[in-house]
Amino acid sequence: MTSPANLSVALVQQSNSDNAEHNIEKSIAGIRDAASQGAQLVVLQELHRSLYFCQTEDVDVFDLAETIPGPSSNTLGELAKELGIVIVASLFEKRATGLYHNTAVVLEKDGSIAGKYRKMHIPDDPGFYEKFYFTPGDLGFEPIQTSVGKLGVLVCWDQWFPEAARLMAMAGAELLIYPTAIGWDPRDDKDEQTRQKDAWVISQRAHAVANGVPVISCNRVGLERDPSGQSDGILFWGNSFIAGPQGEILAEADNQSEQILMVELDQKRSENVRRIWPYLRDRRIDHYQDLTKIYRD
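Just so we're clear, the structure is a prediction, and the values are computed from it rather than from any experiment.

Chemist: It is not clear to me how the pairing of strand β4 (residues 99-107) should be interpreted in this structure. Could you clarify?
Modeler: Successive side chains on a regular strand alternate, one facing one side of the sheet and the next facing the other. Summarising burial for β4: eight of the nine residues are buried, a large majority. In this structure, β4 lies alongside strand β5 (residues 113-118), joined through five bridges in antiparallel fashion. Bridging from a neighbouring strand, L107 pairs with I113 of β5. The loop that links β4 with its antiparallel partner β5 comprises five residues; one of these, G111, has a positive phi angle of about 95°.

Chemist: How do you make sense of helix α2 (residues 71-83) when you look at a structure like this?
Modeler: Residue pairs three or four apart in sequence face the same way in an α-helix, which turns once every 3.6 residues. Given a rise of 1.5 Å per residue, 13 residues ought to cover 18 Å, and the 18 Å separating the end C-alpha atoms of α2 matches this to within 8%. S72, S73, L76, G77, L79 and A80 are the residues of α2 that are buried. Taken end-on, α2 shows its buried residues confined to a sector of 165°, consistent with a single buried face. When the buried face of α2 is taken as reference, the exposed residues oriented beyond 90 degrees from it are P71, E78, K81 and E82. Elements in contact with the buried residues of α2: α1 (20-36), β2 (41-44), β3 (86-96), β4 and β5. Trailing α2 by a residue or two, G84 shows a phi angle of about 70°, which is positive.

Chemist: Got a minute to help me understand the sheet that holds strand β11 (residues 183-184) in this structure?
Modeler: Hydrogen bonds between backbone atoms are what pair the strands of a sheet, whose relative direction is either parallel or antiparallel. Taken in spatial order, the three strands make up an open sheet running β11-β14-β13, and their pairing is antiparallel. This sheet does not close on itself; its edge strands, each paired only once, are β11 and β13 (221-224). With four bridges joining them, β13 and strand β14 (residues 234-237) adopt antiparallel strand pairing. Within β14, the residue paired with L223 across the bridge is L235.

Chemist: Explain the pairing of β14 to me, please; I cannot follow it from the model alone.
Modeler: Alignment of β11 against β14, held across two bridges, turns out to be antiparallel. Of the residues in β14, the one forming a bridge with G183 is F236.

Chemist: I keep staring at the UniProt feature "domain: CN hydrolase" (unreviewed entry) in the chain and nothing clicks. Help me out?
Modeler: Per the UniProt entry, the sites bearing "domain: CN hydrolase" (unreviewed entry) are residues 7-267 in this numbering. Span residues 7-267 is 24% helix and 32% strand, its end C-alpha atoms 7 Å apart.

Chemist: Is there a simple way to explain the environment of A208 in this structure?
Modeler: Relative to the helices and strands, A208 resides in helix α4 (residues 190-211). In this structure the C-alpha to C-alpha distance between A208 and F134, which are 74 residues apart in sequence, comes to 27 Å. Apart from the residues lying within four places of it in its own chain, the contact partners of A208 are V213, V215, G244, P245 and G247.

Chemist: Got a minute to help me understand the packing of aromatic side chains in this structure?
Modeler: For any pair of aromatic rings, the description rests on two quantities: the centre-to-centre distance and the angle between the ring planes. Enumeration according to the criterion identifies 21 aromatic pairs in this entry. Ring centres of F92 and Y100 lie 5.7 Å apart, and the angle between their planes is 45°; this geometry places the pair in the tilted category. Relative accessible area serves as the criterion here: at 5%, F92 is assigned to the buried category. Given the relative accessible area of 10%, Y100 is considered buried. Taken together through their ring pairs, the aromatic side chains of F53, F62, F92, Y100, F132, Y133 and F134 make up a single cluster. The ring of F236 carries R220 above its face, with NZ or CZ at 5.2 Å from the centroid.

Chemist: Where do I start with the pattern of salt bridges in this structure?
Modeler: According to the stated counting rule, one finds 19 salt bridges in the structure shown. For the salt bridge of K116 with E93, the shortest nitrogen-to-oxygen distance reads 3.0 Å. With a gap of 23 residues between them, K116 in strand β5 and E93 in strand β3 connect regions that are remote in the sequence.

The rules behind these values
Residues numbered from 1 in each chain as written. Predicted model: local features only at pLDDT ≥ 70, side-chain atom pairs only at ≥ 80, totals over all residues. Heavy atoms only, no water. Buried < 20%, exposed > 50% of the residue type's maximum accessible area, 1.4 Å probe, protein only. Helix = DSSP H or I, 4+ residues; strand = E, 2+ residues; numbered from the N terminus. Pairing = 2+ DSSP bridges. Expected span 1.5 Å × (residues − 1). Arc of directions from axis to C-beta. Contact = heavy atoms within 4.5 Å. UniProt positions renumbered as here; feature names shortened; annotations may be inferred. Phe/Tyr/Trp six-rings, centres within 6.5 Å; stacked < 30°, edge-to-face > 60°. Lys NZ or Arg CZ within 6 Å of the ring centre and 35° of its normal. Salt bridge = Lys/Arg side-chain N within 4 Å of Asp/Glu carboxyl O.

In structure tokens:
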């Protein structure tokens, strides 16, 4: 497939409730709004069907998981076909009984599943107990070919790992896409909150720079309470953004509103940037063997 020279991309930043039907309706409304403004590719945030349930470990939460193909991917596939767009959605995948993944699925504009990516890096931190729910992905770092280009789809915690972004770019990814659910502990002071958010933005902008490709990062907003009451919950910080191939911010949301961000990307720009800054050319792969070690000790 030949990628369009200019590509209109959008992301949907939203808050969530414990009503899955209401959440998916909000996502669909956001997709329709973006498509009405000319978006050809629309990205949703991580686990957009539900609250971020990984604040606690609860076996009943597995009832939220679904197969792919399944109800949500079918609904979004029909929407993609109706609107003639490509959609990137994040789902809690039930692969088999007792086997679950945090999975991003890409719906092609004909309604078919272009591909999926299973989250590779799984965190296990206070308030983010994902290892209880998700088996690490086994599909590798493989871009997904679509009618709007080759998409390097990754998920949330993956955004802190330059190896993931590099491997996607080395396989021809034209965009890096990160559905995300990240926020503050409300007890953190403002300086600490600023440091965390800035680190998150800088890390992903660096992936754009180092690989010469745009980055789309879609986060959620709003306070979600800790069901166990052991903490003050998570205040998701929004700040979804789209960056160009030199890390330049093309559009950025605020930290509390439900928003749709849209940008028209000049796909030729990545080619021009890579000609000026040819990082792939100058990589010293003959001296990188130790990168496959956990630590050089």
